[in-house]
Amino acid sequence: VVKLTQVTRKIASGNFLVKADEAGSNELTELSTAFNIMTQKLRESRLLLNSIVEHIPIMVFVKRASDLRIELFNPAGQQFMGYSSDELLGKGNYDLWPKKEAGFFTAADRKVLASHEVLEIPEETVAKANGEVVYLQTWKIALRDESDEPTHLLGISIDITERRRSEES
């Protein structure tokens with residue numbers, strides 16, 4: 001039971017590579033086997049989700065609801081914005097963008113977290129790492145726990161700069 005508890009704690013902390021000892025032929029062995037199957041399924045689900053986020057060709061980002069700090073910024077978004085993951089992860093809006101932009105993003109983030117609706121921002125400007133200003137169409141939604149409390153904010157953005165500039169001409 002002690003060993004199974006240790007394995008359970010490791011799984012709960014995100015270690016899906018740990019395995020419970022399946023030696024023996026009693027109820028604990030059956031439980032250990034069930035834990036190993038569950039852990040394998042969790043690992044497969046996590047790999048699938050990570051693969052989708054890593055390969056989707058649009059910007060995807062996730063911020064913690066508690067402090068609006070970035071927890072995930074996919075490779076397409078990093079490449080487009082010109083930032084590395086080290087420059088983005090753990091940062092907030094005011095760490096990355098000018099005060100006016102950061103204020104706009106923060107207000108939109110808070111509005112989303114207070115609602116149960118997807119917020120579409122048809123057009124917003126954002127400065128890339130190199131200072132170039134681009135236009136994005138962004139959707140934001142609060143991700144909630146079992147108690148309906150927001151835990152994270154999911155954002156998806158597409159570059160509409162070409163369309164915007166052609167409309168201006």
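Presented here is an overview of the structure given in this document. (Residues numbered from 1 in each chain as written. Predicted model: local features only at pLDDT ≥ 70, side-chain atom pairs only at ≥ 80, totals over all residues. Heavy atoms only, no water.)

**A short note on empty space enclosed by the protein**
Right, on to step 1. In total, this model carries one cavity of 30 Å³ or more according to the counting rule given.
Right, on to step 2. Size it by volume and the largest cavity reaches roughly 150 Å³.
Right, on to step 3. As for the largest cavity, its lining consists of 15 residues, of which Met59, Phe61, Trp97, Phe105 and Glu124 are closest to the centre. (1 Å grid on protein atoms, 1.4 Å probe; cavity = no way out; pocket = protein on both sides within 12 Å on 5 of 7 lines; lining within 4 Å. Points joined across faces, edges and corners; volume = space filled by probe spheres on them.)

**Comments concerning the packing of helix H1 (residues 2-12) against helix H2 (residues 27-55)**
Right, on to step 1. Their axes nearest at 11 Å, the elements H1 and H2 cross at an angle of 10°. Considering their axes alone, H1 and H2 lie roughly parallel with respect to each other. Contact with H1, carried on its side by Leu4, Thr8 and Ile11, involves Leu28, Leu31, Ser32, Phe35, Thr39 and Leu42 of H2 and no other residues of that element. (Axes fitted to C-alpha atoms, helices over the stretch in contact; angles between N-to-C directions. Helix = DSSP H or I, 4+ residues; strand = E, 2+ residues; numbered from the N terminus. Parallel < 35°, antiparallel > 145°, perpendicular 65-115°, else oblique. Contact = heavy atoms within 4.5 Å.)

**Overview of the layout of surface pockets**
Right, on to step 1. Its boundaries defined by the atoms lining it, the largest pocket holds a volume of some 290 Å³.
Right, on to step 2. As for the largest pocket, its lining consists of Leu49, Asn50, Val53, Val60, Val62, Glu71, Leu72, Leu143, Thr151, His152 and Leu154.
Right, on to step 3. Of all elements in the fold, only H2, strand S1 (59-64), strand S2 (70-73) and strand S5 (150-159) reach the threshold of two or more residues within the lining of the largest pocket.
Right, on to step 4. Looking at the lining of the largest pocket, its residues break down into seven nonpolar, three polar and one charged. (Nonpolar A, V, L, I, M, F, W, Y, C, P; charged D, E, K, R; others polar.)

In short, geometric facts, not functional conclusions.
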